[in-house]
Each structure stands twice: as C-alpha cells, then as structure tokens.
Amino acid sequence: MSTTAVHAGREQFRALGVHTPPLDRSTTYPLTSLDAGTASLDAMAAGGRPEGSPVYARLHNPTVARWEAGIAQLEQADEAVAFGSGMAAMTAVLLAAGAVGRHVVAVRPLYGCTDHLLGSDLLGCQVTWASPDGVADAIRDDTALVVAETPANPTLRLIDLDALVAAAGDVPVVVDNTFATPILQRPLLHGVAWSLHSATKALSGHGDVMAGVVATSGERAAALRQVRILTGGLLDPQAAYLLHRSLPTLPLRVRAAQANAMELARRLHAHPAVSAVHYPGLPGSDPSGLVGRQMDGPGGILAFELVGGHDAAAGVMKSVELITPAVSLGSTDTLLQHPAGLTHRIVGDEGRAAGGITPGMLRLSAGIEDVEDLWADLAAALELTAG
Ligand SMILES: Cc1ncc(COP(=O)(O)O)c(C=O)c1O
C-alpha cells in the first residue's frame, strides 16, 4: 500500500519528463483533423477514453485521469471516476445504476445528505430502510440498488460486506468507503459494485479540496463517465493535482490518525462524563471480527456519547481549544462535531433514532497531532462541562 500510494498514477511521468503531476487546465484542445476529433468524441461519448485529443474538458482531463488511475490501483479496481464532490459521485452512481424513480434498499445510518438525497423526492427513489440483516427480505423484483456505509457515519457501525453482497443477490451494492479509505478497506474485493468516497476527507487530507471518486469495474466506469459528461459533475484539475499530491502520504496519515483515535477511544471509554464510545478498535466493539478480516485497521474516526446529553455535547464543542469544532473529517487536524445538530440534522428525528444517532453524541476525526496534546484539550473540555 505504501509503495502503491507513492507511485500510483505516475506511470507516464518519466515519458513526460516530469516529476510531479502536470496540471492541465485546458478547457478545449486543438484537433489534428476533424476526423480525428470526431473519432475521439465518439469514443468518449461511449464512456471510453479519448483517442488522441480530449476535445473538451467536460469529456476528459489528463490531470484528473492520472489521479483516478492512482485511486483505482489502491482500491484494486479496474478504474475510478472522479467528481466535484462526494454528493456528485453518489448522484452519478444513482443515475448510472438506474435507481432514479426505482426501488432502493438502504442501510442506516448513512451520511446525512446521502440519507436525505435518497429519502427526499428529488430523484424519486422509493427507499426501504433496512438493517444489515434485513437486506435480503427488503429486496424486491424492481430493486435497482443497495446503499450502505461501513464504517458508518457517524456511529462507526460495521457491516460484513461478504454477507451484504450475498443478501443483495443480483442487485448491485454501492458502499461508501470514505471512513476506511482504500488503505484500510477495499470493498470491490468483497463483490461490491461501486466503492465511493468523499475525497474531500482523508484522500485530500488537508481540508482544502472538495472532491468525490468512485472505484468500479471498467463497464460501470464507462457508464459513470457518460453520466459525468452529461451532468457535468466534474473534478477541477487543480483539485485533482492537490489530491494526487496528497496520495503518497495517505497511508502515513491514516495510520497516524488511527493510532491517535485508538488512544483517545481508550481514554474516553474510561472517562466518567462519557456514557459510550463507538470505535471498532475497542474490545467488544467488533463482535464479527471484521477488523483484520475486512478492514486492515479500525480507522481514525470515533464517536462518543456524553452522560450530560445534548448540553454537555454542546459544552465540549465550545470548550475545545486545540481541537477544531467543525464538520468534515480526515484532515491533519482533529475535528469535533455534533451529528444530531449538524451533519445529520437534515435526516430528521425518526431517521436519526433509527440510525442510533443520539443528542449527546459527538463525532471526532483524529488528526496527526501529538495524542497527549489532544487528550489534554479533550479532558479539559470534559472537565469544564462536567463541572
Ligand atoms: C461518509 C460521507 N460520504 C459522503 C459525503 C459527502 O461528500 P462531499 O461533502 O464531498 O459531497 C460525506 C461528507 O461529509 C461523508 O462524510
């Protein structure tokens, strides 16, 4: 993984005579002849790669394509297709899967906006919400797609992907792999059809890029590119440049954040102001043994619940000084947020209850700071709140 992360998507660099990702900002490309332009256009309209000229930047961009190739290698997928955000990526999967106006089975909790996109009338999906064990019973003859997240945002609930794919039968499964990153989990190896990321998170890693990416088979990638051409949910080449620049350090950042999350989870678990800690690395938190079998580690994100409920959670968010009280995750600095009031507010009371999201829950995305400094900040905030 470490070697792949450093070299993936850089295969053409020597031939190009460059050492860092070349940034191509062209929106249009000169054509050697009309016939050559038409042939390339036809290839891309069919979901394929350009034959020579990319013709127009909504069809193809070389800087984006190199980062996509890198992600595909890490995910052990045929290909990856990049979008302007994680939500643009999810919308493209729903379109490419033919899920618009059709029946979808979804497992809660999901990231709040994914939950809302499915449940709102916007795309006309008819959703059956199911527990992981209830997926097989929820499948109908007209089910187009199964949607799941593991680890789930924000509760860190894990799903056995082999079992989920078996329960889905012939229905393809999309898994949001944002929390694990390809360093810790590669869903396609378990039969998942699309592994989706908000690349805004650890793949970018520095809190300065909005992006989404989907790793999948060659055939499904072609369908996603066709959707992208028509709907225009493109990744900007400058963002792709930054993402490719961040790729070599992804394993280091994920492992450092994971070590911090593990230690913070242990200490939070022992703290009297904390009623529960949700982190798959804690003893007893992974009864199916998925960490080790399906995941190469529990990851850098955890959730915890405060004895004092909503007000205590609000107090901790207000009191932290080193830790940033902000949504998002996977950054170099530690972020703390309140799912019920922020990322999952749009889901509504019933959906939050079904997903196990309580008013006293906080989600922490560990950064790569010194864990003692993080704990000193968190412990002081907990003390203030308890007092
Ligand atoms: C697990 C997960 N999936 C998808 C998204 C949506 O990604 P984006 O904000 O890049 O559109 C998010 C955003 O927080 C997320 O946490």
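Digging into the pattern of salt bridges
(1) Moving on: A full pass over the atoms with the stated rule returns 12 salt bridges.
(2) Moving on: The residue R228 makes a salt bridge to E68 at a minimum N-O spacing of 2.8 Å. With a gap of 160 residues between them, R228 in helix α10 (residues 218–231) and E68 in helix α4 (residues 62–75) connect regions that are remote in the sequence.
(3) Moving on: Exposure remark for R228: the relative accessible area of 7% places this residue in the buried category.
(4) Moving on: The class of E68 is buried, set by a relative accessible area of 3%.
(5) Moving on: Between R140 and D142 there is a salt bridge; the shortest N-O distance is 3.0 Å.
(6) Moving on: With a relative accessible area of 37%, R140 lands in the partly exposed category.
(7) Moving on: Accessibility expressed as a relative area gives 33% for D142, which makes it partly exposed.

Considerations on empty space enclosed by the protein
Rolled over the atoms, a probe with the dimensions of a water molecule shows which regions are left empty.
(1) Moving on: Within the structure shown, the criterion is met by two cavities of 30 Å³ or more.
(2) Moving on: Empty space within the largest cavity amounts to approximately 160 Å³.
(3) Moving on: Taken together, 19 residues form the lining of the largest cavity, with A202, V254, A257, G300 and G330 sitting closest to its centre.
(4) Moving on: Contributing elements (two or more residues each) for the lining of the largest cavity: α9 (181–184) and α12 (250–269).
(5) Moving on: Looking at the lining of the largest cavity, the element that brings in the most residues is α12, giving three residues.
(6) Moving on: Summarising the domain contributions, the lining of the largest cavity has at least three residues from each of domain 1 (2–94 + 167–248) and domain 2 (250–386).
(7) Moving on: Reported here for the second largest cavity is a volume of approximately 40 Å³.
(8) Moving on: Every residue along the wall of the second largest cavity is listed here: M44, G47, G48, R49, L59, H60, R225 and I229.
(9) Moving on: Taken together, the residues of the lining of the second largest cavity sort by class into three nonpolar, three polar and two charged.

A short note on the domain arrangement of the chain
(1) Moving on: Each domain of the chain was delimited in the assignment, giving domain 1 (2–94 + 167–248) and domain 2 (250–386).
(2) Moving on: Summing the contributions of domain 1 and of domain 2, the shared interface buries around 1,700 Å²; its carbon and sulfur component is 61%.
(3) Moving on: Between the two partners, domain 1 and domain 2, sit one salt bridge.
(4) Moving on: Linking D296 and R186 is a salt bridge whose minimum nitrogen-to-oxygen distance equals 2.7 Å.

Remarks on the site of the ligand
(1) Moving on: In the vicinity of the ligand, 13 residues are found, and the nearest of them are G86, D176, S198, T200 and K201.
(2) Moving on: The separation between an oxygen atom of the ligand and a polar side-chain atom of S198 is 2.8 Å.
(3) Moving on: A distance of 2.6 Å is found between an oxygen atom of the ligand and a side-chain nitrogen or oxygen belonging to T200.
(4) Moving on: Coverage of the ligand by the protein chains reaches 92% of its 400 Å² of free accessible surface.

Structural notes on the pairing of strand β2 (residues 103–107)
(1) Moving on: In terms of burial, β2 is largely enclosed, as five of its five residues are buried.
(2) Moving on: Neither face of β2 is exposed, since H103, V105 and V107 on one face and V104 and A106 on the opposite face are all buried.
(3) Moving on: With helix α6 (residues 112–119) bridging β2 and the parallel strand β3 (residues 126–130), this β-α-β connection has right-handed handedness.

Side note on the sheet that holds strand β4 (residues 143–149)
(1) Moving on: The strand order β1-β7-β6-β5-β4-β2-β3 describes an open sheet built from seven strands, whose pairing is mixed. Two strands bound the open sheet, and with one partner strand each, they are β1 (79–83) and β3. Taking each pair of neighbouring strands and ignoring which way they run, the sheet shows an average axis angle of 20 degrees.
(2) Moving on: Relative to β3, β2 is paired through five bridges, and the arrangement is parallel. Within β3, the residue paired with V105 across the bridge is T128.
(3) Moving on: Against the sheet, α6 engages β2, β3 and β4, with an angle of about 130 degrees to β3.

Focus: the sheet that holds strand β9 (residues 301–306)
(1) Moving on: One open sheet accounts for five strands, arranged β8-β9-β12-β11-β10; its pairing is mixed. What marks the edges here is a single partner per strand, and that holds for β8 (274–278) and β10 (324–325).
(2) Moving on: Pairing between β10 and strand β11 (residues 335–337): two bridges, direction parallel. Its bridge partner lying in β11, T324 is registered against L335.

Considering the layout of surface pockets
(1) Moving on: The space that makes up the largest pocket amounts to roughly 350 Å³.
(2) Moving on: Taken together, 22 residues line the largest pocket, and the ones lying closest to its centre are M87, Y111, N153, S198 and K201.
(3) Moving on: Those elements giving two or more residues to the lining of the largest pocket turn out to be α5 (86–96) and β6 (194–198).
(4) Moving on: Examining the composition of the lining of the largest pocket, we find that three residues originate from one element, α5, more than from any other.
(5) Moving on: Taken together, the residues of the lining of the largest pocket sort by class into nine nonpolar, nine polar and four charged.
(6) Moving on: Viewed by domain, the lining of the largest pocket spans two of them, domain 1 (2–94 + 167–248) and domain 2 (250–386), each represented by three or more residues.

Quick word on the packing of aromatic side chains
(1) Moving on: Enumeration over the complete set of coordinates arrives at zero aromatic pairs.
(2) Moving on: Seen from the ring of W129, R108 lies directly overhead, with NZ or CZ sitting 3.8 Å from the centre.
(3) Moving on: The cationic tip of R220 hangs over the ring face of W194; the distance from NZ or CZ to the ring centre is 4.9 Å.

What counts, and at which threshold
Numbers given to residues run from 1 along each chain, matching the order in which its sequence is written. Selection of residues for local features in this predicted model requires a pLDDT of at least 70, selection of side-chain atom pairs for listing and counting requires 80 or more, and totals for whole chains, interfaces and linings are taken over all residues. The side-chain numbers reported here are obtained from all heavy atoms of the structure, hydrogens and water having been left aside. By salt bridge we mean one thing: a side-chain nitrogen of Lys or Arg within 4 Å of a carboxyl oxygen of Asp or Glu. Secondary structure elements are taken from DSSP: a helix is a run of H or I of four residues or more, a strand is a run of E of two residues or more, and numbering for both begins at the N terminus. Categorising residues by exposure relies on relative accessible area from a 1.4 Å probe, with only protein chains included: less than 20% of the type maximum marks a residue as buried, more than 50% marks it as exposed, and the intermediate range marks it as partly exposed. With a 1 Å grid spanning the protein atoms alone, the term cavity applies to any set of points in which a 1.4 Å probe fits but cannot get out, the term pocket to an open set with protein on both sides within 12 Å along at least five of seven lines, and the term lining residue to any residue with an atom within 4 Å of a point. Grid points are joined across faces, edges and corners, and a volume is the space filled by probe spheres set on the points. Where each domain begins and ends is defined by an automated method or by a domain database. All amino acids are sorted into three groups, where Ala, Val, Leu, Ile, Met, Phe, Trp, Tyr, Cys and Pro are nonpolar, Asp, Glu, Lys and Arg are charged, and the leftover types, Gly among them, are polar. For any pair of parts, buried area is found by adding up, for both, the accessible area (1.4 Å probe) each one loses once the two are put together. Being near a molecule or strand, for a residue, comes down to having at least one heavy atom within 4 Å of it. Definition of a polar contact: a pair of N or O atoms within 3.5 Å, with one able to donate and the other able to accept a hydrogen when the atoms are protein atoms, and with sequence-neighbouring residues admitted only if both atoms are side-chain atoms. The Shrake-Rupley method, run with a 1.4 Å probe sphere, supplies the accessible areas, and residue values consider only the shown protein chains as cover. Handedness is read with the strands pointing away from the viewer; a crossover is right-handed when the path from the first strand over the helix to the second is clockwise. When DSSP locates at least two bridges between a pair of strands, those strands are taken to pair. The convention used is that axes are lines fitted to C-alpha atoms, helices contributing only their stretch in contact, and that angles between N-to-C directions extend from 0 to 180 degrees. The criterion used for residue contact is that any of the two residues' heavy atoms lie within 4.5 Å. Put simply, two rings from Phe, Tyr or Trp (the six-membered ring, in Trp's case) pair if the centres are within 6.5 Å, and we call them stacked under 30 degrees between planes, edge-to-face over 60, tilted for the rest. A ring has a charge above it when a Lys NZ or an Arg CZ is no more than 6 Å from the ring centre and no more than 35 degrees off the ring normal.

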